[in-house]
Amino acid sequence: MNAATTAGLHIIVEQRDAAWRDAVPRAEAICRRAAMESLREANADLPDGEVSIVLGDDALLRELNRDWRSIDAPTNVLAFPCDGPGPTETGPVLLGDVVISYQTAAMEAARDGKTIADHLVHLVVHGILHLLAYDHQTDAEARVMEVLETRILGTLHIADPYKDEPAGPE
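Predicted model only: the values in this text are computed from it and were never measured. (Residues numbered from 1 in each chain as written. Predicted model: local features only at pLDDT ≥ 70, side-chain atom pairs only at ≥ 80, totals over all residues. Heavy atoms only, no water.)

> Which parts of the structure should I look at to understand the overall build of the chain?
Scanning the chain from terminus to terminus reveals six helices and five strands. Taking all 170 residues of the chain together, 45% fall into the buried category. Considering only intrachain contacts with a sequence separation of at least 6, the fraction spanning at least 24 residues in the chain is 64%. Summed over all atoms, the accessible surface of the chain reaches about 8900 Å², with 50% contributed by carbon and sulfur. (Helix = DSSP H or I, 4+ residues; strand = E, 2+ residues; numbered from the N terminus. Buried < 20%, exposed > 50% of the residue type's maximum accessible area, 1.4 Å probe, protein only. Contact = heavy atoms within 4.5 Å. Areas by Shrake-Rupley, 256 points an atom, 1.4 Å probe, with all protein chains shown as cover.)

Laid out in structure tokens, this is it:
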């Protein structure tokens with residue numbers, strides 16, 4: 001587990017699957033940069049905050065998806081916003097957790113002809129936006145979220161994932 005603090009945001013990155021280290025040696029730095037850029041572009045005003053990014057595997061995502069969404073299947077990314085009262089005198093705003101599966105992300109990257117590192121950036125951005133209450137349950141919500149994702153990814157030099165695809169990460 002590694003943590004970094006940048007501009008008041010404490011980002012914890014935990015790699016639970018060694019496949020991430022092998023496939024994306026700079027995964028922690030990539031996650032931190034994607035999270036920071038997402039918060040900056042979304043104009044998230046967090047005086048002090050904390051977010052956790054967990055790089056896991058299909059088994060972990062399947063378990064979480066089953067337990068929290070009643071879907072007994074792995075997925076690429078899940079976001080768990082904190083429901084706390086906000087900042088306190090003794091600690092930061094707890095933004096929440098983003099959990100990403102290596103196997104599903106790698107399969108999607110190969111299918112779509114992109115690098116796993118670029119897809120990781122997209123999944124982090126997508127997860128962070130969910131923590132900020134963006135969603136894609138309706139077409140209108142999806143469009144707003146996709147436009148913001150595309151803008152953030154552009155600042156990170158990642159191609160528009162929605163250019164030829166009708167839907168984004170689930």
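Following the structure, the description resumes.
> Got a minute to help me understand the pattern of salt bridges in this structure?
Two side chains that carry opposite charge are able to pair once their charged atoms sit near each other. A full pass over the atoms with the stated rule returns eight salt bridges. Glu14 is paired through a salt bridge with Arg16; the nearest N and O atoms lie 3.0 Å apart. In this structure, Arg66 engages Asp67 in a salt bridge whose closest nitrogen and oxygen atoms are separated by 3.3 Å. Here Arg66 falls in the partly exposed class, since its relative accessible area comes to 38%. What makes Asp67 partly exposed here is its relative accessible area of 47%. In this structure, a network of salt bridges that share partners links the residues Glu37, Arg40, Glu41 and Arg151. (Salt bridge = Lys/Arg side-chain N within 4 Å of Asp/Glu carboxyl O.)

> How should the environment of Asp135 be read in this particular structure?
Structurally, the position occupied by Asp135 is in the loop between helix 5 (116-131) and helix 6 (139-155). The exposure class assigned to Asp135 is partly exposed, which follows from its relative accessible area of 28%. Residues Asp135 and Met145, spaced ten residues apart in sequence, show a C-alpha to C-alpha distance of 6.6 Å. With residues near it in sequence (within four places) discarded, Asp135 still touches His130, Glu141, Ala142 and Met145.

> Hey, could you run me through the pairing of strand 2 (residues 9-15) in this one?
Looking along a regular strand, one sees side chains alternate from face to face of the sheet. Summarising burial for strand 2: five of the seven residues are buried, a large majority. Bridge count between strand 2 and strand 3 (residues 49-56): seven bridges; the pairing is parallel. When the sheet's bridge partners are listed, Leu9 is paired in strand 3 with Gly49. (Pairing = 2+ DSSP bridges.)

> How should the packing of helix 2 (residues 27-41) against helix 6 be read in this particular structure?
Packed helices, taken two at a time, are described by the angle between their axes plus the distance between the axes. Across the interface, helix 2 lies against helix 6 with an axial gap of 10 Å and an inter-helix angle of 125 degrees. One way to sum up the angle between helix 2 and helix 6 is to call them oblique. Here the hand of the crossing between helix 2 and helix 6 comes out right-handed. In this structure, helix 2 uses Arg33, Glu37, Ser38 and Glu41 to contact helix 6, whose residues at the interface are Leu148, Arg151, Ile152 and Thr155. Here the contact of helix 2 with helix 6 is built from residues that sort into two nonpolar, two polar and four charged. (Axes fitted to C-alpha atoms, helices over the stretch in contact; angles between N-to-C directions. Parallel < 35°, antiparallel > 145°, perpendicular 65-115°, else oblique. Left-handed = near helix turned anticlockwise from the far one by under 90°. Nonpolar A, V, L, I, M, F, W, Y, C, P; charged D, E, K, R; others polar.)

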